Amino acid sequence: DQEDCKSCGWLLDGFPRTPGQADALAEAGVTADCFLFLDVPDEILVERVVGRRTDPVTGKIYHMTFSPPDDEEVAARLEQRSDDTEEKVKVRLEQFHANVDAVKGSYTDIMVTVNGNQKPDEVASVIGGAIEAKLAA
């Protein structure tokens, strides 16, 4: 019932993760116009997550392969989240795969699958077009 959500829209990132959560949203009357599924191979997801680092001073997120910091001082203070290890990512992916088909099944009429293994600006363009198309329908 938030006015800004009614007028501007809203985004749930990584949610719902289980069929029970999808059912709870539906029972609460929370409905979406568009469900975006970013399709990325597991090995790419692992690489992206394991290389992620955060600067505790600025909060900026870096990736040690794709967007490392230019400054050695910044690089020295970067921190890795405790759950951004290969082992923990693989456990999260197992949980994801155990639930994804059931969650997607709750949104088949509004789902758009996007190849998330492209350059960020290409993914953003596809997402923007998908949202516009769903809202125009």
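Look a little higher up for the structure.
Counting restarts for each chain, with residues numbered from 1 along the sequence as it is written. Given that the model is predicted, a residue must reach a pLDDT of at least 70 before its local features are reported, and side-chain atom pairs must reach 80 or more before they are shown or counted; all residues, however, enter totals for whole chains, interfaces and linings. Only hydrogens and water are set aside when side-chain values are computed; all heavy atoms of the structure are taken into account.

J.: Please set out the pairing of strand β4 (residues 111–115) residue by residue, giving values where relevant.
T.: Residues Val112 and Val114 line the buried face of β4, whereas the alternating positions Met111, Thr113 and Asn115 sit on a face that is not buried. A pair of strands is treated as paired once DSSP finds two or more bridges between them. Here a strand is any run of E in DSSP of at least two residues, a helix any run of H or I of at least four, and the numbering for each starts at the N terminus. Relative to β4, strand β1 (residues 35–39) runs parallel, the two being bridged by five bridges. Bridging across to β4, Asp39 finds its partner in Asn115. A 1.4 Å probe rolled over the protein chains alone gives each residue an accessible area, and that area as a share of the maximum for its type sets the label: buried under 20%, exposed over 50%, partly exposed in between.

J.: Residues and numbers for the nonpolar core, please.
T.: Within the largest apolar cluster, eight residues are counted, these being Ala22, Leu25, Phe35, Phe37, Val100, Val103, Tyr107 and Ile110. For this analysis, residues touch if any pair of their heavy atoms sits within 4.5 Å. Here Phe37 is in contact with Phe96, Val100, Lys104, Met111, Val112, Thr113 and Val114, once residues within four sequence places are set aside. Buried residues of nine kinds, namely Ala, Val, Leu, Ile, Met, Phe, Trp, Tyr and Cys, make up a nonpolar core once their side-chain atoms join them within 4.5 Å.

J.: So what about the pattern of salt bridges? Which residues, and what values?
T.: Basic side-chain nitrogens of Lys or Arg form a salt bridge, by our definition, when they fall within 4 Å of a carboxyl oxygen of Asp or Glu. Overall, the coordinates contain nine salt bridges when judged by the stated rule. A salt bridge links Asp84 to Arg81, with the nearest nitrogen and oxygen atoms 4.0 Å apart. Here Arg81 falls in the partly exposed class, since its relative accessible area comes to 43%. Here Lys90 and Glu86 are joined by a salt bridge, their closest N and O atoms 2.9 Å apart. Within this pair, Lys90 and its partner Glu86 are both found in helix α5 (residues 86–105), separated by four residues, close to a single helical turn.

J.: I'd like to hear about the packing of aromatic side chains, residue by residue, with values.
T.: Only Phe, Tyr and Trp rings are paired, with Trp represented by its six-membered ring, and only when their centres lie within 6.5 Å; those with planes under 30 degrees apart are stacked, over 60 edge-to-face, the remainder tilted. Across all of its chains, the model carries two aromatic pairs by this definition. When the ring of Phe35 is compared with that of Tyr107, the centres are 4.6 Å apart and the planes differ by 5°; the resulting orientation is stacked. With Phe35 in strand β1 and Tyr107 in the loop between α5 and β4, the pair connects residues that are 72 residues apart, well separated along the chain. Exposure remark for Phe35: the relative accessible area of 13% places this residue in the buried category. Using a relative accessible area of 11% as the deciding quantity, one classes Tyr107 as buried.

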